[in-house]
Amino acid sequence: MSENREEILANFQSITAIDDVAVAIYHLEENDWDLLTAVNNVLGSQDVPPPPQMPAPIPMDLEQSGNSGAGDVLITAPSSPYRHPTNPATLFNNAASAFSAFGAGPSTSRGTSTSFGNGETKNLEDQETQEITFNVHFNGRVYKIPISNTRTIADLKNEVQTATGVQVCRQALKGWADNVQRNAQKSNTVLKTLHLEKQTDVILTDLSGEGFLSDMSNGLNNGTRPENQIYTLNITIKATGELKQLKFHGNQTILAVKTDVYTVTDIQVRHQKWIGWPNGVSNSMILADTGIGIEHNFTLESTRDVRNESGSSHNTTGGNVVEIDSESEEFEDAEGFDDDIFTDTVTSSRNRLKNLIPDKVDDETVGCMEFIQNYEERYGIQHPVFFQGSLEEAVKEACQKSARERKLLAIYLHHDGSVLTNVFCGQLLGHESIVTMFLDNFVVYGWDLTNEHNKNLFLTSISICVNQAAASTVRSIPTEHMPTILLVAKNRSQCEIFSVIHGNIGLDDLYSSLIEARESYAEQMRIEIREEDERLERERVKMEQDEAYQESLSADRAKEEARKQKELMMATERSRLESERAEILARKESVRQEAERALPPEPEQLSGPEITKIRIRTTDGMIERRFLATDTLQTLLNYVTSKGFPVDEYKLICTFPKRELTGMDVTKSLKELKLYPQETCILEER
């Protein structure tokens, strides 16, 4: 632009004699601050009426207001130093100078033309009518739809509905070239004006339950807090009449809602004009604080479309169609005015939210707990049950168990730099069927890769706990494909990545992918369970054999021990008996020796009046000795004892007459006992 906006505003007021600054700014905004077009539009009318149905001529900045409609606030620009002249000559001169400043004059061309952003102008009448074949990619198939380039986007969508069965109100056509993306979203755009190739590829997204919508309940139990409830927003796109039904958690901010709506409508946040918000709503507020019901209706239009349509309608004179592209001027600031009045911040709401894991976390367990807490603050409590602990502990919980108890480990990788994040977390991970599926069949571990330090920490951990290939897989995932779910399974003796699910997926596709992974893993587990059972059976048989062998060995050892014990007892008994016998023999020998010492000497005479000869028959033969007749019976008994026949074991018996001498008075002499001059006795054991 050759002039700043303050000067354009002053010139516009001078030319049109519009005193109201807000009304003047409105007309300039309607024409993308193109002074020539705005003046033509205003002066071409009989009068200058105020903008129809506009309670606020200028929408608030996104930082100040989250809506454009019933809740708009009228912003009054500072008074301009330039006042409109009352002299008609001055008015004419100012108009002429303003026109010359743009190098423009009244148009005399009668040919229909279109102006493009690169300055090139082509006549629509000169363009060749031809047939364009659209290759529509949908659900893994490609639908070839031929259509004339004289037809519109609305006609194309009707053909797409016929071919795919997806209703027009549910269609979102993506993949257009950057230079036609904006015009391709308008239903009345003629295909010829887009200058498409004869073979054009587009991607069809179904915005129903298979995509961004869900069939979750409109509300929770009566005791649920508002920020934890699910709000259903019925959004009617004013330009096309499409109805989009989106669901959001009550704790999401208005700016986050607008950002998510941009992903399904391609109406950028700075160009969104909402009708239906209550008064006083701002971008920083959460849905639960806005006062809307669980289900609320809105109308959404693009301020860019409104300006373009207004400009084209006022510039259609004599068959001329002038399309003005003000993309290059959109962000030029007006000196002396607050930039927030004219430009909206394009910073995503994701950049204003704190990361799910704080920057530079060194403890995995702490990071995991922070992830769960921040995830619930941002997306609500309806989510899969995330494992609380380190990745190593999660791998042990899921994989380091028997085949019957083993589960798939689902690692949810979050990244705030992806536009798919809010929709994936709010609409897919929060769906009851997905939550139940994860709860019954998976161990779920969550991590945020937004911060580079935290990403490196996770890569190091997964390379150790799983393998290097898993870390390489994570490194190769583009940010725009996130969030991503890695399914990790234990195959035989090691863990590996079983499947990878990217964030650009619908609810049904996600559920089908999880079911497919579960069934495939279950089949693999059936083989491992059978092998494990066979291995356990072999181990059981071997253990039983080992137990039987040990029992037999123990029995043999017990028998041997008993034998040895018996032999020891017998040896001990023999030793005792021998000891007793030795003691007895020693005692006998002592008695014998004592008796032998007590014997008087045997008389030397063979016979005589005082000598008696006594013979004693023993068990071993005959013994005899001479005694004095005066010797006592004790002397005779001592003799018998000295020969090894103690009187306590043997009886000395005299035969004629028969009498037992050992029972008589041992002090009597042999003569008194009539054992004189000789006698024969017998020793008998007692």
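Residues numbered from 1 in each chain as written. Predicted model: local features only at pLDDT ≥ 70, side-chain atom pairs only at ≥ 80, totals over all residues. Heavy atoms only, no water.

1. As for the pairing of strand S3 (residues 131-138)
Inference 1: Taking burial as the measure, the eight residues of S3 include six buried ones, the bulk of the element.
Inference 2: Taken together, the eight bridges between S3 and strand S4 (residues 141-148) define a ladder with antiparallel strand orientation. When the sheet's bridge partners are listed, valine 136 is paired in S4 with tyrosine 143.
Inference 3: Here S3 runs beside strand S6 (residues 199-206); their pairing, made up of five bridges, is parallel. Of the residues in S6, the one forming a bridge with valine 136 is valine 202. (Buried < 20%, exposed > 50% of the residue type's maximum accessible area, 1.4 Å probe, protein only. Helix = DSSP H or I, 4+ residues; strand = E, 2+ residues; numbered from the N terminus. Pairing = 2+ DSSP bridges.)

2. Some points on the confidence of the model for the protein
Inference 1: Residues of the protein with pLDDT of at least 70 account for 77%, and the chain-wide mean is 76.
Inference 2: Helix H8 (residues 339-342) is the least confidently modelled element of the protein, averaging 35 in pLDDT, while strand S12 (residues 442-448) averages 94, the highest of any element.
Inference 3: Counted against residues more than four places away or in other chains, residues 209-223, with its pLDDT under 50, gives 43 contacts.
Inference 4: Throughout residues 309-352 the model reports pLDDT below 50, and contacts reaching past four residues in sequence, or to other chains, amount to 90 contacts. (pLDDT = per-residue confidence, 0-100. Contact = heavy atoms within 4.5 Å.)

3. Re the pattern of salt bridges
Note on pairing: side chains with opposite charge can pair once their charged atoms come close.
Inference 1: Within the structure shown, the criterion is met by 28 salt bridges.
Inference 2: The salt bridge partner of glutamate 159 is arginine 151, with a shortest N-O separation of 3.5 Å.
Inference 3: Looking at glutamate 159, the relative accessible area reads 27%, which means it is partly exposed.
Inference 4: Given the relative accessible area of 30%, arginine 151 is considered partly exposed.
Inference 5: Taking the shortest distance from any N to any O, the salt bridge between arginine 576 and glutamate 580 comes out at 2.3 Å. With arginine 576 and glutamate 580 both in helix H16 (residues 507-598) and four residues apart, the pair spans about one turn of that helix.
Inference 6: One network of salt bridges, with partners in common, ties together Arg151, Asp155 and Glu159. (Salt bridge = Lys/Arg side-chain N within 4 Å of Asp/Glu carboxyl O.)

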